[in-house]
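So the chains spell out like this:
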Amino acid sequence: MNYLDRRNNLFAQAMKRTNFHSHKDLTATFKISDAHFLELKNKVLEYLAASCHESFNSGLYRDSQNTLSHVATKAKNISTSGIVIPKSHSADSFTAVHKVLSAILTDSGLGSEVDYWIYPFNVRLKGSQAGAATASYPTEMPHSETWVGCSLRSVLLHIPLMGDVENNSLKVWRPDSAMDEPWLRPLKDYREASEIIKNSAEVLLTEHKQRMILVDSGLLHGTHRNANAGARLSIDLNVVMKSYDVFPDDWNLLAPRQKMTSEEFFDIGHGRKITSPDGDDDIFVATDGMRHPANIKVLKA
């Protein structure tokens, strides 16, 4: 049995204990309720408006493509990979997004399978054009989050939310049998894994509308745009699975501040809230842990 098959056995057993459904190896989906999906979209729109120092009631926040184009131009808190970074003026609305997200995750039953949550989650705006081709970690290139220091025991959670989610989407690939633990170590550049990338086969995800998608870190993923694609907005989050504790995790670059217990995660929006000391012009450069542009703290509400 090769390495990915070993991971899939553990993944499949974990999914059976949740409300996710797995139709392809090392991937699963959960259908979000109509009420929660609408609430999540509304709270994210409020978060985008706060990021632009504007009111959610503005006429700009109705048509999704116009909204996303406006935010891309107006908001100063967007990273090179499209993360809409929580800042001091948007932390409360980020907390409100988290509250709905945690309600969806409660419905999914995933929490019982999670060892810890890698925080913060990302509200990500991917425009119609790819990022700089010279970047070391372009999200358009097939990759694993472990290549930037995420836990080898992690899975990626992805929610396509609004915009052109049909033509600007997450694609997934399965590496061939050469994929083994050493290939999940941190890399200085995704191109170091060019052979693994070249010898990977696409995994077709046929269900993504109004769904939460789970992708194992042993698979590769990346942003794909069809011709004439518009912008899209999505949410992504990495979680570490209890059942993967059989795998060593020596390459993990996560700092303790980036690991969140389930007790803390599900209390945000209730007894806890997100805060940030940073304004628009502040650039956070972490000296520890996995690189992430958000400078946040979790406080008692």
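Overview of the structure. (Residues numbered from 1 in each chain as written. Predicted model: local features only at pLDDT ≥ 70, side-chain atom pairs only at ≥ 80, totals over all residues. Heavy atoms only, no water.)

Next up on the list: the environment of lysine 297. Checked against the element boundaries, lysine 297 lands in strand β11 (residues 297–300). When neighbours within four sequence positions are excluded, lysine 297 is seen to be in contact with Lys273, Ile274 and Thr275. (Helix = DSSP H or I, 4+ residues; strand = E, 2+ residues; numbered from the N terminus. Contact = heavy atoms within 4.5 Å.)

On to helix α3 (residues 64–74). Burial in α3 covers these residues: Thr67, Leu68, His70 and Val71. Axial view of α3: buried residues confined to an arc of 160°, hence all on one face. Looking at α3, the residues exposed on the side facing more than 90 degrees away from the buried face are Asn66 and Thr73. Against the buried residues of α3 lie α2 (34–51), β2 (114–126), β3 (154–163) and β8 (232–241). (Buried < 20%, exposed > 50% of the residue type's maximum accessible area, 1.4 Å probe, protein only. Arc of directions from axis to C-beta.)

Position of serine 200 among the secondary structure elements: in the loop between α5 (194–198) and β5 (201–203). Serine 200 gets classed as buried once you look at its relative accessible area, which sits at 15%. One polar contact links the side chain of serine 200 to the main-chain carbonyl oxygen of isoleucine 196, over a distance of 2.6 Å. Leave out the neighbours within four places in its chain, and serine 200 touches Trp173, Arg174, Pro175 and Leu220. (Polar contact = N/O pair within 3.5 Å; in protein donor to acceptor, adjacent residues only side chain to side chain.)

What follows concerns the pairing of strand β7 (residues 220–225). Across the six residues of β7, five count as buried, placing the element largely inside the fold. Two strands pair when backbone bridges link them, and strand β4 (residues 168–174) and β7 are joined in this way by six bridges, in the antiparallel orientation. Residue pairing in the sheet places tryptophan 173 in a bridge with leucine 220 of β7. (Pairing = 2+ DSSP bridges.)

Right, let's talk about the sheet that holds β5 for a bit. Sheet strands associate in pairs through backbone hydrogen bonding, adopting either a parallel or an antiparallel arrangement. Ordered by their spatial adjacency, three strands build an open sheet running β5-β4-β7, and the pairing between neighbours is antiparallel. Of all strands in the sheet, those bounded by a partner on one side alone are β5 and β7. Between one strand axis and the next, the sheet turns by 45° as a mean value, whatever way the strands run. (Axes fitted to C-alpha atoms, helices over the stretch in contact; angles between N-to-C directions.)

Within the secondary structure, leucine 204 sits in the loop between β5 and β6 (211–216). On a C-alpha basis, the gap between leucine 204 and tryptophan 173 in space is 8.3 Å, while along the polypeptide they are 31 residues apart.

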